[in-house]
Structure formats: C-alpha cells, structure tokens
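# Fold and contact review
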Amino acid sequence: GSLDCVVIAPTVPPDGPAVTIGKVGLFCHGFGAGGDDLVGLAGELLQGASSDVGKLLIFPAAPLSLEEEGMPDGRAWWMLSIQRLVSAMDEGRYEQIREEIPEGIDDARHKLTEVIQIVLDRYSLTTQQLLLGGFSQGAMLAVETALRGLEQPPAQLCIYSGALICETLWKPLVGRLRSTQILQSHGRFDPILPLQTGRWLHELFQSAECPVEFIEFNGPHTIPPAAIQRTAEMME
C-alpha cells in the first residue's frame, strides 16, 4: 500500500516444502518513534512458532515525518501535542481527551486498512487469522481500525499503553469486538498516557461484554514482558 513496512516472513530452504501462511500479526508503533521501533519484538513474538504453519509479522511506519518537529527519525500517524495532552490531564479536562477525534485519524485508518487488506488478499486469509496490535498512538489506531476500518473485526487485538479517544464514535461500534480476543497493558506510572486513560478504554470494552484481559504493571510508558509473552501465546 502507501506505507513502508518491515515484513518478517518464514524462510524456506531451496529444497524444502512451501510454508503456508496461517497467521498475521501487524503492530503499529507510537508517536515519535521510528518506523522500525517495534521490530525488535519479532524474536519473542515468534518464539512458539511451529514449522508447519507460517507466521507473518508486519511493522508499518506511520506516514507523517516529524523532522520539522525536531525528531529526524520520528514518525506519526497523526499530529498531536503531548504537552496539550498532559495539561488536559493535569487540569482534569478528561472529557476533552475521551471525546477528541484527532484530525488525520481518518487518513491513518484508511492507509492501515489498505495494508491489511493487501496482506489478507495476497495470502488468501481472513481477519480471523489477524492479530492487530499497537503501542500508544499506534494502539489507538489499532482500535480505530478494528472498529471503523476493517469490514470484519480482527480475531485478536493487542493494546499496549492505549487510551480512550473518539468515544462518541467508538461506543456505538464496540459491540462488534465481542468475538475478538483483546489484550491490554498499561503502566501504573505512565507519565504520557496515565493509567486512567487505559482504564477508560477497558471499561468501554467491558460495557459491551468484550473478552478483554488487562495487565497493569509497575512501570512507565512501555510494553511489559508479560504483555509480550501473552502476545506470543496469541500468535501460536
């Protein structure tokens, strides 16, 4: 599609049988990170991979460059002000965060949905063989794409340090994830997206009786080993 992606696919010996791709994991990085920020997780995510069913991992780079913002290698799915977000939290303007519909989120969703559809078509797969995940801003895009992009929701959804946004748009649609296995993780000492923002999203999933596992951990804005391990198990 229109996004640069790192693709990790099974290697096949010249005289070996073809490997059938049976599972796709696609992971979106966070605001300000490089496009390859999450690629380092690949080894752990594939640790339980069997030889008979191929696993495909895709790490798309966000379309917007942050070079003019002083981050030469940084990318963004849509532009945002971290300081404005922190200020809103400090001042208790929670509804502003929950209801915000970021300018640019539609374009990001369209681009990511296009990539996913190309992959599914190329390997004759369905969304029931798709694990969609993301960290921080990438987590919000994963939820947005699962709810408002894909024709059918993914089999699994991994949300690392995500937050509830677009509440007026997401709330009427969240019921479509009742058959999606959802994993959330969030640090109790996250200075960027406080734990409460993740709990809001968790409550939204629970309100629609979606199957969601929530991992709270004593840490900052990061992905804990427990969440990586659970994701690897979901990839099996």
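Each chain has its residues counted from 1, running along the sequence as written. For a predicted model such as this one, the threshold for reporting local features is a pLDDT of at least 70, and the threshold for listing and counting side-chain atom pairs is 80 or more; totals across whole chains, interfaces and linings nevertheless cover every residue. Where side-chain values are given, they derive from all heavy atoms of the structure, hydrogens and water being excluded.

### Observations concerning the packing of aromatic side chains
Each aromatic pair joins two rings of Phe, Tyr and Trp (for Trp, the six-membered one) with centres within 6.5 Å, and gets the label stacked for planes under 30 degrees apart, edge-to-face for over 60, and tilted for any other angle. Per the stated rule, a full pass over the model turns up one aromatic pair. Judged by centre distance (5.9 Å) and plane angle (25°), the rings of Phe27 and Phe59 are stacked. Of this pair, Phe27 sits in strand β2 (residues 20-28) while Phe59 is found in strand β3 (residues 53-60), placing the two residues 32 residues apart along the sequence. For the residue pair Phe27 and Phe59, the accessibility class agrees, reading buried in each case. Secondary structure elements are defined from DSSP: runs of H or I of at least 4 residues count as helices, runs of E of at least 2 residues count as strands, and each element is numbered from the N terminus. Using a 1.4 Å probe on the protein chains alone, a residue whose accessible area is under 20% of its type maximum counts as buried, one over 50% counts as exposed, and one in between counts as partly exposed.

### Some thoughts on the environment of Ile215
Along the chain, Ile215 falls in strand β9 (residues 212-217). Note on Ile215: relative accessible area 12%, which makes it buried. Taking C-alpha positions, Ile215 is 25 Å from Gly35, a pair spaced 180 residues apart along the chain. If we ignore the near neighbours within four places in the chain, the residues touching Ile215 are Leu183, Gln184, Ser185, His186, Ala226, Ala227 and Arg230. The criterion used for residue contact is that any of the two residues' heavy atoms lie within 4.5 Å.

### Focus: unusual backbone geometry
Phi at Ser124 takes a positive value of approximately 55°, unusual for a residue other than glycine. Its place among the elements puts Ser124 in the loop between α4 (105-122) and β6 (130-135). Judged by its relative accessible area of 66%, Ser124 is exposed. Of note, the phi angle at Ser161 is positive, near 55°, even though the residue is not glycine. Mapping Ser161 onto the fold places it in the loop between β7 (156-160) and α6 (167-170). Taking the relative accessible area as the measure of exposure, Ser161 reaches 0% and is therefore buried.

### Observations concerning the state of the cysteines
Between two cysteines, a covalent bond joining their sulfur atoms is known as a disulfide. Only a pair of cysteine sulfur atoms within 2.5 Å counts as a disulfide in this structure description. Enumeration over the complete set of coordinates arrives at zero disulfides. Of all cysteine sulfurs in the structure, the one in Cys28 sits closest to Cys5, which takes part in no disulfide; the separation is 9.1 Å. For Cys5, a relative accessible area of 31% gives the class partly exposed.

### As for the nonpolar core
One broad trend across soluble globular proteins is that nonpolar side chains are buried collectively. Leu157, Trp170 and Phe205 are the most contacted members of the largest nonpolar core, which has 48 residues in total. Taken together, the elements giving at least two residues each to this core come down to β2, β3, α4, β6, α5 (137-148), β7 and α7 (195-207). Discounting residues that sit within four places of it in the chain, Phe205 has contacts with Val143, Leu157, Val174, Leu177, Ile182, Gln184, Cys210 and Val212. Among buried residues, those of type Ala, Val, Leu, Ile, Met, Phe, Trp, Tyr and Cys that are joined through side-chain atoms within 4.5 Å constitute a nonpolar core. Judged by nonpolar contacts, the second largest core, of 18 residues, contains Phe27, Leu45, Leu131 and Ile215.

### Here's the deal with the pattern of salt bridges
By definition, a salt bridge exists where a carboxyl oxygen of Asp or Glu is found within 4 Å of a side-chain nitrogen of Lys or Arg. This structure, assessed with the given rule, holds 10 salt bridges. For Arg109, the salt bridge goes to Glu144, with nearest N and O atoms at 2.5 Å. Within this pair, whereas Arg109 is found in helix α4, its partner Glu144 is found in helix α5, the two being separated by 35 residues in sequence. Grouping residues by exposure puts Arg109 and Glu144 together as buried. For Arg188, the salt bridge identified is with Glu216, shortest N-O distance 3.3 Å. Of this pair, Arg188 sits in the loop between β8 (181-187) and α7 while Glu216 sits in strand β9, placing them 28 residues apart in sequence. The class of Glu216 is partly exposed, set by a relative accessible area of 26%. Within this structure, Asp106, Arg109, Glu144 and Arg148 form a network of salt bridges that share partners.

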